[in-house]
Structure formats: structure tokens, C-alpha cells
Amino acid sequence: GTSSAALALALPTAAVGAIVVCILTNAASTAMTSLTFTGAKVASGFATVGAASAVSVFGLVSDGTNWYGAFSGLAVS
């Protein structure tokens with residue numbers, strides 16, 4: 001998706017081996033103000049989304065109980 005607003009993404013119910021990959025592009029004029037993955041366990045700063053026009057890739061995986069997030073690429077544009 002492309003956005004320059006605050007964004008909260010709700011994850012589906014955790015299921016063993018489930019994977020979610022999000023590719024987010026900041027708007028050309030400004031970066032997203034914030035990004036939250038509801039229900040995910042992530043490291044501090046996980047949802048840093050870079051500057052205007054930056055593309056970031058986030059990967060999340062579930063163990064059946066929790067979702068865990070990791071950067072695949074931050075500001076890769």
C-alpha cells in the first residue's frame with residue numbers, strides 16, 4: 001500500500017506457520033507518520049518506515065500463538 005498517514009494493520013488469528021509480508025510505499029510528498037502491526041511482537045523501532053517515496057518490506061510469522069515481526073528491507077527504494 002501507499003500512505004502518508006498513520007497506519008494500523010490488524011493481523012489475522014495466529015496459526016502455525018502463517019506468514020504475512022507487507023510491502024509499503026510512502027507517499028511521494030511525505031513519509032507515513034506511524035505504522036503499527038496490531039497483535040505482533042516486534043523489536044523497538046520495527047515499524048520505522050523511512051522517508052518520502054521509500055519502500056519498506058516487513059515480514060511477520062506465527063507460531064500458532066503469537067505473531068513475530070522482522071524487517072526484510074527498510075527504505076529499499
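In the block above lies the structure referred to throughout.
Residues numbered from 1 in each chain as written. Predicted model: local features only at pLDDT ≥ 70, side-chain atom pairs only at ≥ 80, totals over all residues. Heavy atoms only, no water.

Asker: Would you take a moment to explain the overall build of the chain for this structure?
Answerer: Of the regular secondary structure elements, the chain holds 0 helices and 7 strands. Each helix and strand of the chain, placed in order from N terminus to C terminus, yields the pattern β-β-β-β-β-β-β. A separation threshold of at least 6 residues defines the contact pool for the chain, and within that pool the share at least 24 residues apart is 62%. Only carbon and sulfur atoms are counted for the fraction: they give 60% of the accessible area of the chain, which is about 4,100 Å². (Helix = DSSP H or I, 4+ residues; strand = E, 2+ residues; numbered from the N terminus. Contact = heavy atoms within 4.5 Å. Areas by Shrake-Rupley, 256 points an atom, 1.4 Å probe, with all protein chains shown as cover.)

Asker: Hey, could you run me through the side chain of serine 62 in this one?
Answerer: Checked against the element boundaries, serine 62 lands in strand β6 (residues 55–62). Polar side-chain contacts of serine 62 include one of 3.0 Å to the backbone nitrogen of glycine 64. At 3.2 Å, the side chain of serine 62 forms a polar contact with the backbone oxygen of asparagine 66. (Polar contact = N/O pair within 3.5 Å; in protein donor to acceptor, adjacent residues only side chain to side chain.)

Asker: How do you make sense of the nonpolar core when you look at a structure like this?
Answerer: The tendency in soluble globular proteins is for nonpolar side chains to be buried side by side. The biggest cluster of nonpolar side chains holds 11 residues, and these are Leu11, Ala14, Val20, Cys22, Leu24, Leu35, Phe37, Ala40, Phe58, Leu60 and Trp67. Those elements that place two or more of their residues in this core are β3 (19–26), β4 (35–38) and β6. Sorting elements by how many residues they give to this core places β3 first, with 3 residues. Excluding its chain neighbours within four sequence positions, the residues that come into contact with valine 20 are Leu11, Phe58, Gly59, Leu60 and Trp67. (Core = buried A, V, L, I, M, F, W, Y, C linked by side-chain atoms within 4.5 Å. Buried < 20%, exposed > 50% of the residue type's maximum accessible area, 1.4 Å probe, protein only.)

Asker: Got a minute to help me understand the environment of valine 42 in this structure?
Answerer: Checked against the element boundaries, valine 42 lands in the loop between β5 (40–41) and β6. Residues valine 42 and glycine 69 lie 27 residues apart in sequence; the distance between their C-alpha atoms is 5.1 Å.

Asker: Please explain the environment of tyrosine 68 as it appears in this structure.
Answerer: Within the secondary structure, tyrosine 68 sits in strand β7 (residues 67–73). Owing to a relative accessible area of 34%, tyrosine 68 belongs among the partly exposed residues under this scheme. Along the chain, tyrosine 68 and alanine 40 lie 28 residues apart, while their C-alpha atoms are 5.5 Å from each other. Residues in contact with tyrosine 68, not counting those within four places in the same chain, are Lys41, Gly59, Leu60, Val61 and Asp63. A polar contact is formed between the side chain of tyrosine 68 and the side chain of aspartate 63, at a distance of 3.4 Å.

Asker: Where do I start with the pairing of β3 in this structure?
Answerer: When a strand is regular, its side chains alternate between the sheet's two faces. Residue alternation in β3 divides its side chains into a buried set, Val20, Cys22, Leu24 and Asn26, and an unburied set, Ile19, Val21, Ile23 and Thr25. Relative to β6, β3 runs antiparallel, the two sharing 7 bridges. Bridging from a neighbouring strand, valine 20 pairs with leucine 60 of β6. (Pairing = 2+ DSSP bridges.)

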